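For reference, the chains in residue letters:
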Amino acid sequence: MKHAIAKTLGTALLGLGLVGGPASAAADQIKVGTVAGPETDVMQVAKQIAKDKYGLDVEIIEFTDYVTPNAALADGSLDANAYQHEPYMKSMVRDRGYDFAIAGRTFVYPIGAYSEKYDSIEELPDGATIALPNDPSNEGRALILMHNKGLLELNDPSNLEATPIDIAENPRDFEFREIEAAQLPRVLPDVDMAFINNTFAQPAGLSLDDALIKEGPESPYVNLIVVRAGDQDRKAIQQLVDAYQSQPVIDKAEELFKGGAVPGWK
């Protein structure tokens, strides 16, 4: 518990620029932000490879939300982060004016819809309460999956930032609750179904095999290593990407996610 409190406090202070100072400009040192959980464990493998292969010191900074890692990257507290897919990054760039670039791709972590009350999507009743992630792109991601499965109809199924107001037809009268992504496993007992990113599903003991519906490997939501524009060509960043896009990292992701992480760079 003390460790969790310290980590959360450190994350908050880092987001305010009070911990660690500016990210290192040294050629052999970088700071990388991740979301706490198995994705951080995967990055630990890349960190060791980068050290062994290139002599690169990678400091991993853990966060517990989806917003702060981009703020920390923008203000220089980080050299890179590795937690978001491109639609989410683009929405943050548009909404907050960040000047980011993609340095490399990591994994697709398919989103799934889970339930503690029903064993199949066919059992889901009319009027069911469904929890959605409330960040701009993952909410649309969940609704597009429902559209593709014939559960509702969107005005524009290509709109990656769709929200419930963009539903054209809801013949089964589903009710939607918009929840912060990290909180979705906790609200699962209180709803009929919840869409949970694998980043948060796996630590909560949820397996994609148990999802009532889920994305397939064709998902366009590949997670990224993101940097400030211009830094994508830095030698240290390229070394980090190379270390990440390696077989030991794939093996670690398979161990942790059990098929729920698909390499996005192949």
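Help me understand helix H5 (residues 136–148), please; the structure alone is not making it clear to me.
In an α-helix there are 3.6 residues to a turn, and that puts residues three or four apart on one side. Compared with an ideal rise of 1.5 Å per residue, which puts 13 residues at 18 Å, H5 spans 19 Å between its outermost C-alpha atoms and is within 8% of the ideal. Considered for burial, the residues of H5 that qualify are Ser 137, Asn 138, Glu 139, Gly 140, Arg 141, Ala 142, Leu 143, Ile 144, Leu 145 and Met 146. Directly after H5, the chain includes Gly 150, whose backbone phi takes a positive value near 80 degrees.

Got a minute to help me understand the pattern of salt bridges in this structure?
Between side chains of opposite charge, a pair can form as their charged atoms come close. Taken as a whole and judged by the stated rule, the model has 12 salt bridges. Linking Asp 57 and Lys 51 is a salt bridge whose minimum nitrogen-to-oxygen distance equals 2.7 Å. Assessed through its relative accessible area of 31%, Asp 57 is described here as partly exposed. In this structure, Asp 242 engages Lys 53 in a salt bridge whose closest nitrogen and oxygen atoms are separated by 2.8 Å. You can see Asp 242 sitting in helix H8 (residues 235–244) and its partner Lys 53 sitting in helix H2 (residues 38–54), a full 189 residues away along the chain. Note on Asp 242: relative accessible area 31%, which makes it partly exposed. The exposure class assigned to Lys 53 is exposed, which follows from its relative accessible area of 52%. One connected set of salt bridges, linked through shared partners, spans Glu 86, Lys 90 and Arg 105.

Conventions and cut-offs
Residues numbered from 1 in each chain as written. Predicted model: local features only at pLDDT ≥ 70, side-chain atom pairs only at ≥ 80, totals over all residues. Heavy atoms only, no water. Helix = DSSP H or I, 4+ residues; strand = E, 2+ residues; numbered from the N terminus. Expected span 1.5 Å × (residues − 1). Buried < 20%, exposed > 50% of the residue type's maximum accessible area, 1.4 Å probe, protein only. Salt bridge = Lys/Arg side-chain N within 4 Å of Asp/Glu carboxyl O.

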